[in-house]
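Here is how the chains run, residue by residue.
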Amino acid sequence: MTHTITAFPNGKWKQNCYIVSDDDTGQALLIDPGSQAQEIQDLISLRAHTPVAILNTHAHYDHIGAVAALMAQYAIPFYLHRGDDKLLKQANLYKILFESKAPVTIPQATHDLSQLAVPAQIGGFKVSVLFTPGHTQGSTCLQIGADLFSGDTLLPGGPGRTDLPGGDKKMLTASVNSLRNLPGTITVRPGHGRPFALASLWEKLSRDGATT
Ligand SMILES: [Zn+2]
Ligand SMILES: [Zn+2]
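Cut-offs used in this document
Residues numbered from 1 in each chain as written. Chains lettered and ligands numbered in written order. Predicted model: local features only at pLDDT ≥ 70, side-chain atom pairs only at ≥ 80, totals over all residues. Heavy atoms only, no water. Buried < 20%, exposed > 50% of the residue type's maximum accessible area, 1.4 Å probe, protein only. Helix = DSSP H or I, 4+ residues; strand = E, 2+ residues; numbered from the N terminus. Arc of directions from axis to C-beta. Donors = N, O, S within 2.8 Å, 3.2 Å for Na, K, Ca; no water. Pairing = 2+ DSSP bridges. Contact = heavy atoms within 4.5 Å. Axes fitted to C-alpha atoms, helices over the stretch in contact; angles between N-to-C directions. Parallel < 35°, antiparallel > 145°, perpendicular 65-115°, else oblique. Left-handed = near helix turned anticlockwise from the far one by under 90°. Nonpolar A, V, L, I, M, F, W, Y, C, P; charged D, E, K, R; others polar.

**Student:** Could you give an account of helix 5 (residues 91-98), naming the residues involved and the relevant values?
**Tutor:** Those residues of helix 5 not exposed but buried are Ala91, Tyr94 and Lys95. Viewed end-on, helix 5 has its buried residues packed into an arc of 110 degrees, placing them on one side of the element. Facing away from the buried side of helix 5, by more than 90 degrees, are the exposed residues Leu93, Ile96 and Leu97.

**Student:** If you had to explain the coordination of the zinc ion (ligand 2) to someone new, which residues and values would you point to?
**Tutor:** In an ideal octahedron of six donors the angles at the metal are 90 or 180 degrees, and in an ideal tetrahedron of four donors they are 109.5 degrees. The protein atoms that coordinate the zinc ion (ligand 2) are His63 (NE2), Asp152 (OD) and His192 (NE2), at distances of 2.0 to 2.1 Å. Within one chain, the residues serving as donors to the zinc ion (ligand 2) are arranged as H-x88-D-x39-H. The metal-metal distance between the zinc ion (ligand 2) and the zinc ion (ligand 1) is 3.3 Å, with Asp152 coordinating both. Here His192 lies in the loop between strand 13 (187-190) and strand 14 (196-197) and His63 lies in helix 2 (residues 61-64), a separation of 129 residues in the sequence. There is no split in this pair, since His63 and His192 are both buried.

**Student:** Go over the sheet that holds strand 2 (residues 15-22), please, and point to the residues and values.
**Tutor:** Taken in spatial order, the six strands make up an open sheet running 1-2-3-4-5-6, and their pairing is mixed. Edge positions in the open sheet fall to strand 1 (3-10) and strand 6 (111-112), since each of these has one partner strand only. Where strand 5 (residues 78-80) lies against strand 6, two bridges are found, and the strand directions are parallel. Considered in strand 6, the bridge of Leu80 is made with Asp112. Relative to strand 4 (residues 50-55), helix 3 (residues 67-74) is tilted by about 145 degrees, and along the sheet it contacts strand 3 (27-31), strand 4 and strand 5.

**Student:** Hey, could you go over the packing of helix 1 (residues 37-46) against helix 3 for me, with residue numbers and the actual values?
**Tutor:** Direction vectors running N to C along helix 1 and helix 3 enclose 40 degrees, while the axes themselves pass 9 Å from each other. For the element pair helix 1 / helix 3, the angle class is oblique. The element helix 1 and its partner helix 3 pack so that their crossing is right-handed. Only Ala69, Leu70, Gln73 and Tyr74 of helix 3 make contact with helix 1, whose side of the interface consists of Ala37, Ile40, Gln41 and Ile44. Grouping the amino acids of the contact of helix 1 with helix 3 by side-chain chemistry returns six nonpolar, two polar and no charged.

As structure tokens, then:
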């Protein structure tokens, strides 16, 4: 199958929600719907997609804010790594600290990403879940074909922050290194910012390493 990716930056932190759609069937996976559920629904209607599941790279509040509404709207499952269960439950604590008092509705994960086969079949999609803790305890990267949805594990400027709830720098470094086995031609679709080639990240890291 061939798929099309629509990025929808949303919310205060311009977090990316990705809609991955199957060009033949119109089935779609929703990755990290962080906020603006109505606009995400409008995009889905406009393109006549049929959502089959929501997958999250991690459970920071800015990536999960629209999950509950979209689960209810389409009656679809929600996949999250169980390492982020606690963070998910505490999402509003961090929303208050970092953004505003208006709470997000905390969704209930129906599937644990750590329990899936690699690759797993979700609807018509083959998804490889790569466990990459460090930005949070349950952070994952989701590989679909030649695209890697990296959440905040990899961002355009390099590996993500580890000073936020659930962060661990040593763990993140090990996780980033575990991705070196992947082809450099893979397109990384980060949680914030524009896509980039995986190879360009390795070049950047070796340049940074050489100058420090
Ligand atoms: Zn995050
Ligand atoms: Zn983020």
